[in-house]
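Chain by chain, the residues run as shown.
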Amino acid sequence: MRAKIKSGDGTNHYVAIELYGEGEDSSCLTGNLDDDQDNWSTGDIEEYTSDKHNFGDCDTFRSSGEQLRFKMIITRDTILRDQLCLDEMEFIVQAKKYVWEATTDNDSDSCW
């Protein structure tokens, strides 16, 4: 998985990703993808692999079609009010690459 974070945005909170394929039973949830270093920072490109990071049950996820959807899960505390905005997300599932790109500057479409 690869994420390109927008300039001016980022988060220091718990970050997980839920993936959805086609079909009712085609979903998974990663573990925490923030390792208390400078992850998910403004302008960064984050890269995660199942052999080095907690992919939870996504380690064995199989997409059942041409579409792959995702949801960012950010667990925030009440002190810091940052947000994570993305320019692009890339997933490789079963050797197939899926790419999502922000299509507008509208934060509601690309920020969590």
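Owing to the predicted nature of the structure, the values given are computational and were not obtained by experimental measurement.

### Some words on the state of the cysteines
(1) Moving on: Tallying each qualifying case throughout the model produces one disulfide.
(2) Moving on: Covalent S-S linkage joins cysteine 28 and cysteine 58, the inter-sulfur distance amounting to 2.0 Å. Residues cysteine 28 and cysteine 58 are joined by a disulfide whose S-S torsion is about 100°; by sign, that bridge is right-handed. On the criterion of sequence distance, the pair formed by cysteine 28 in strand E3 (residues 27–29) and cysteine 58 in the loop between strand E4 (45–47) and strand E5 (69–75) is long-range, its members being 30 residues apart.

### Details of the confidence of the model for the protein
(1) Moving on: On average, residues of the protein score 82 in pLDDT, and 82% of them reach the 70 mark or higher.
(2) Moving on: Per-element averaging of pLDDT across the protein places helix H1 (residues 107–110) at the bottom with 68 and E3 at the top with 92.

### Digging into the sheet that holds E4
(1) Moving on: Strand order in the open sheet formed by four strands is E4-E1-E6-E7, with antiparallel pairing between adjacent strands. Each having just a single partner strand, E4 and strand E7 (96–101) make up the two edges of the open sheet. Here the average twist between neighbouring strands, direction ignored, is 10°.

### What about the nonpolar core?
(1) Moving on: In this structure, Met1, Ile17, Leu19, Trp40, Met72, Leu86 and Met89 are the most contacted members of the largest nonpolar core, which totals 23 residues.
(2) Moving on: Counting residues per element, the ones that place at least two in this core are strand E1 (2–5), strand E2 (14–20), E5 and strand E6 (86–93).
(3) Moving on: The element that contributes the greatest number of residues to this core is E6, accounting for four residues.
(4) Moving on: Those residues in contact with isoleucine 17 that lie beyond four places of it in its chain are Met1, Cys28, Leu29, Thr30, Leu33, Cys58, Phe70, Lys71, Met72, Met89 and Phe91.

### Description of the environment of serine 7
(1) Moving on: Here serine 7 is to be found in the loop between E1 and E2.
(2) Moving on: With relative accessibility at 64%, the residue serine 7 sits in the exposed group.
(3) Moving on: Among residues more than four places away in sequence, those in contact with serine 7 are Thr42 and Gly43.

### Examining the pairing of E1
(1) Moving on: Of the two faces of E1, the one holding Ala3 and Ile5 is buried and the one holding Arg2 and Lys4 is not buried anywhere.
(2) Moving on: For E1 and E4, the ladder comprises three bridges, and the chain directions are antiparallel. Looking at E4, one finds that arginine 2 is bridged to glutamate 47.
(3) Moving on: Examined bridge by bridge, E1 and E6 share four bridges and lie antiparallel to one another. Within the sheet, the bridge partner assigned to lysine 4 lies in E6 and is glutamate 88.

Cut-offs applied
Residues numbered from 1 in each chain as written. Predicted model: local features only at pLDDT ≥ 70, side-chain atom pairs only at ≥ 80, totals over all residues. Heavy atoms only, no water. Disulfide = S-S within 2.5 Å. Helix = DSSP H or I, 4+ residues; strand = E, 2+ residues; numbered from the N terminus. pLDDT = per-residue confidence, 0-100. Pairing = 2+ DSSP bridges. Axes fitted to C-alpha atoms, helices over the stretch in contact; angles between N-to-C directions. Core = buried A, V, L, I, M, F, W, Y, C linked by side-chain atoms within 4.5 Å. Buried < 20%, exposed > 50% of the residue type's maximum accessible area, 1.4 Å probe, protein only. Contact = heavy atoms within 4.5 Å.

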